[in-house]
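One-letter residues, chain by chain:
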Amino acid sequence: IITPYEYLGIKTTKNLVLAGVKSVTLHDDGNVELWDLSSNFFLSENDVGQNRAQACVQKLQELNNAVLVSALTGDLTKEHLSKFQAVVFTDISLDKAIEFDDYCHSHQPPIAFIKSEVRGLFGSVFCDFGPEFTVLDVDGEEPHTGIVASISNDNPALVSCVDDERLEFQDGDLVVFSEVHGMTELNDGKPRKVKNARPYSFFLEEDTSSFGAYVRGGIVTQVKPPKVIKFKPLKEAMSEPGEFLMSDFSKFERPPLLHLAFQALDKFRTELSRFPVAGSTDDVQRVIEYAISINGTLGDRKLEEIDKKLLHHFASGSRAVLNPMAAMFGGIVGQEVVKACSGKFHPLYQFFYFDSVESLPVDPLEPGDLKPKNSRYDAQISVFGSKLQNKLEAAKIFMVGSGALGCEFLKNLALMGISCSQNGNLTVTDDDVIEKSNLSRQFLFRDWNIGQPKSTVAATAAMVINPKLHVEALQNRASPETENVFNDAFWENLDAVVNALDNVTARMYIDSRCVYFQKPLLESGTLGAKCNTQMVIPHLTENYGASRDPPEKQAPMCTVHSFPHNIDHCLTWARSEFEGLLEKTPTEVNAFLSNPTTYISAARTAGDAQARDQLERVIECLDRDKCETFQDSITWARLKFEDYFSNRVKQLTFTFPEDSVTSSGAPFWSAPKRFPRPVDFSSSDPSQLSFILAAAILRAETFGIPIPEWAKTPNKLAAEAVDKVIVPDFQPKQGVKIVTDEKATSLSSASVDDAAVIEELIAKLEEVSKTLPSGFHMNPIQFEKDDDTNFHMDVIAGFANMRARNYSIPEVDKLKAKFIAGRIIPAIATSTAMATGLVCLELYKALAGGHKVEDYRNTFANLAIPLFSIAEPVPPKTIKHQELSWTVWDRWTVTGNITLRELLEWLKEKGLNAYSISCGTSLLYNSMFPRHKERLDRKVVDVAREVAKMEVPSYRRHLDVVVACEDDDDNDVDIPLVSVYFR
């Protein structure tokens, strides 16, 4: 139950409904006011006067029909609470909160109690999950694992693991062992404690001196024991709060002060039955006096100094619930409710305070500027003043992406009034369409929107939230190819850019555009319960591309294809085989059929192993594996099964028997290699039969063969069709080469006879093509993870699990396979809401202008632990030369249609000797080439047109060149990009 159902309540409830809890009940006695529209996105002006909770029920229900959403009005009693697992109070007096918390704490079983408030730019959360709350999984991460290389017979025992990946174990972790050969005593499933953990080894608190000698193999896996947490009731915690959960360590002294401030505000409201009036000196002074009075009663916890200026900001804006703050705290509180109901993730213990007072305008606000205008933005005006509100409404914003982050951003921007005046404009672009899997977190979309453009649907929904929003929805991918759409004039007209992207490549491109045009970029991302935000502010901070995570380590090709040792390897291989069999080969067939002469000529020109393999695949597809009936497809799938999961394994273990040794005498099948065993096919095995049928269906689709209904589910008819297939016996061959080099980038081996073999294959291909019916073509299949009826994931999961069965690797269900093979970055509503709330707090600063770098904040948060790490952005790197200095944000401009010589002289005046000038990928001038001196008296733009084939679009007035320079001591100097404005 969530009560009362105001601004913070709506954010929390939305996240819970998307998360899929069983039921949510909203309680509120209050009616909708115009003031509420600044942060409640389910309300409109038509709802003014209605009960707040009842006005939102139907719209919340649309988000997820599997969740029962109901409203409760009237006085809330303790007996009401007994029906619920968790209760959330968002606006309640301290005395009443203590009364309800005592009831929840002592109830059997305990009822999780959460109290949260948002007061202007300040917020708080308190959690009490009962006397003893069991956390089943403290962080939600997959248990860490390692592949054992050796174990000593010692006390304590030294366990060394292969250096394939660094170990993530920490001292005190519990681990279990499996598949250990020799020292089999460790395979008993008993958890053992790690100590002295190192990157590739650790000691085990175990005496193994009497155990059998280690031979080979072994997997060590972290065990995550449950954790019992003892919560204090609110009354006790108020006087003994213990350690506060920190977020911003530059405000180390802030939580105790805010703990005091919220008590002072509660006393003000209790005695005066209202909030302080924004800008009222008398009301602010009274809150400060209450704080001083309460502080005097705290004894050892008394604060030596009270920041009256901070309390002034707190009291003055306390009536307002700002949308970004509500979004942030709605994410936090929503996740805490999920923890209370599931036991997954570590609860917030017990107080969390946060403020973003840096978001206030730099110039002092006059009381008159805070007065309400009888508008939906009055709450925001009471904190920031009407001048900033006018700036927000006139802002020109570019938002890239309208998925999970984009939906939250659009809602936030609409409620904040961004781009809501005649002069404002919000451009949102996304080239994607809505899929079913989006609905769990992209809350502006509904079932009936599936298949429609994300940007259009999201923009339309945002205009329902605020009809005055001026938004333009586009379906263009922001990239170099669309710079005619997002041209210079477009970028130059922007006030800020908000990224809502899910890939690094797109982020890097937008970052480069923002640096080029010197526009603020507000960056964010999520990964499960984690989120991060980064502010990229011209001349104040480093850009996004200045620091990047290292690329993910890729498994060697030979590991994926012949020596997998985890399910990720199996799924990577499965995805590769899917694309090769069902997309690439049919595409190659069509390329040959559409223009045989060009295709054959290209194969001859290449003349390598890759061209040879490509021809073999096309011939095999059109000849031996050609399908004309669905039974042909079944035969193809059954023979592929035998080839992949039996014959290839038999050949591998024939070439490298279990007792093989390397040239150095070490066992060939040592960790991390796992010795494989062939899988015997049985049509009575549902997983095998399902895989054969799914593969046959997709093969039939590539040939345009009708698919019978009986083939779509495993049944007797299907089993009989598969059992009809005659599978030839297999005999391993001598001399087969299998790639074992981890550095190899291709499985194809070159041959001195490649050219001759290619000629033979071309002749065979021409012969085979004569047997094809007129107009024959194939239908390539592109992998699509989100359609549960297309059999794509059935094939991929089948491929991966059969391969896992070969290598005794634990298999996965189709959903887990979908996440890994589909390369899905899990996103949940709570972390998404928090990230966008934090970004919008920074947007106030970016649009207000005048803020120093110390005012901005970057954030990393993990709601699972929970952890909040907030810090100032890093300034850009400064380069100095003589009296000049510049950063990545600088771009030098030269006005006039100048020559190359004039450009060199212009740089010479700055003490720089230019020796090379390039445009794009072409060299316009280099002092080493004598012929380039002939170009010196030609216009820069003319040389670019001739040499670089650079056609400057009509909308562009300048040309960019990269100049390499030296100083007078011949030291290289990296200078900014030079723009020559020739028009």
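Residues numbered from 1 in each chain as written. Predicted model: local features only at pLDDT ≥ 70, side-chain atom pairs only at ≥ 80, totals over all residues. Heavy atoms only, no water.

**Regarding the domain arrangement of the protein**
Note the threshold: The domain limits used here are those given by an automatic or database domain assignment.
According to the domain assignment, the protein consists of domain 1 (145-223), domain 2 (382-442 + 457-549 + 836-871), domain 3 (565-658 + 683-729 + 753-808) and domain 4 (878-981). For domain 1 versus domain 4, the separation of C-alpha centres amounts to 61 Å.

**Quick look at empty space enclosed by the protein**
Rules: In the cavity and pocket records, a cavity denotes points on a 1 Å grid over the protein atoms alone where a 1.4 Å probe fits but cannot get out, a pocket denotes an open set with protein on both sides within 12 Å along at least 5 of 7 lines, and lining residues are residues with an atom within 4 Å of a point. Grid points are joined across faces, edges and corners, and a volume is the space filled by probe spheres set on the points. Helical segments are the DSSP runs of H or I of at least four residues, strand segments are the runs of E of at least two, and each set is numbered from the N terminus. Three residue categories are used. Nonpolar comprises Ala, Val, Leu, Ile, Met, Phe, Trp, Tyr, Cys and Pro, charged comprises Asp, Glu, Lys and Arg, and polar comprises the others, including Gly.
Throughout the structure, instances matching the rule amount to five cavities of 30 Å³ or more. The volume enclosed by the largest cavity comes to roughly 210 Å³. Every residue lining the largest cavity is counted, 19 residues in all, and those nearest its centre are L94, K115, E117, F262 and Q263. Mapped by element, the contributors of at least two residues to the lining of the largest cavity are β5 (112-119), β6 (122-128), α5 (234-239), α6 (254-272) and β15 (351-355). In terms of residue count, α6 provides more of the lining of the largest cavity than any other element does, six residues in total. Taken together, the residues that form the lining of the largest cavity break down as ten nonpolar, four polar and five charged.

**Details of the environment of C965**
We apply this condition: In this description, contact between two residues means that some pair of their heavy atoms is separated by no more than 4.5 Å.
Within the secondary structure layout, C965 lies in strand β29 (residues 958-966). In this structure the C-alpha to C-alpha distance between C965 and E909, which are 56 residues apart in sequence, comes to 13 Å. Ignoring sequence-local partners within four residues, the contact set of C965 consists of L907, L912, N913, A914, Y915, N971, D972, V973 and I975.

**Digging into the sheet that holds strand β10 (residues 174-178)**
We count it as follows: Here a strand pair is declared whenever DSSP counts at least two bridges between the two strands. Comment: axis = line fitted to C-alpha atoms, over the contacting stretch for helices; angle = value between 0 and 180 degrees taken between N-to-C directions.
Read once around its circumference, the closed barrel built from six strands follows the order β8-β9-β12-β11-β10-β13, with strand pairing classed as antiparallel. Averaged over all adjacent pairs, the angle separating strand axes in this sheet is 45°, with direction ignored. As defined by bridge partners, β10 adjoins strand β11 (residues 192-195) across two bridges and the pair is classed as antiparallel. Counted as the bridge partner of V175 is R192 from β11.

**Looking at the pairing of strand β19 (residues 496-499)**
Here is the rule we go by: Only protein chains enter the area calculation, which uses a 1.4 Å probe; residues under 20% of their type maximum are buried, those over 50% are exposed, and those in between are partly exposed. Here a crossover is taken to be right-handed if, once the strands point away from the viewer, the path from the first strand over the helix to the second is traced clockwise.
Of the two faces of β19, the one lined by A496 and V498 and the one lined by V497 and N499 are each fully buried. By the bridge criterion, four bridges tie strand β16 (residues 396-400) to β19 in an arrangement that is parallel. Across the sheet, the residue bridging to V400 is N499, located in β19. Examined bridge by bridge, β19 and strand β20 (residues 521-527) share two bridges and lie parallel to one another. Note that in β20 the partner of V497 across the bridge is L521. Between the parallel elements β19 and β20, the chain passes through helix α15 (residues 504-517) in a crossover that is right-handed.

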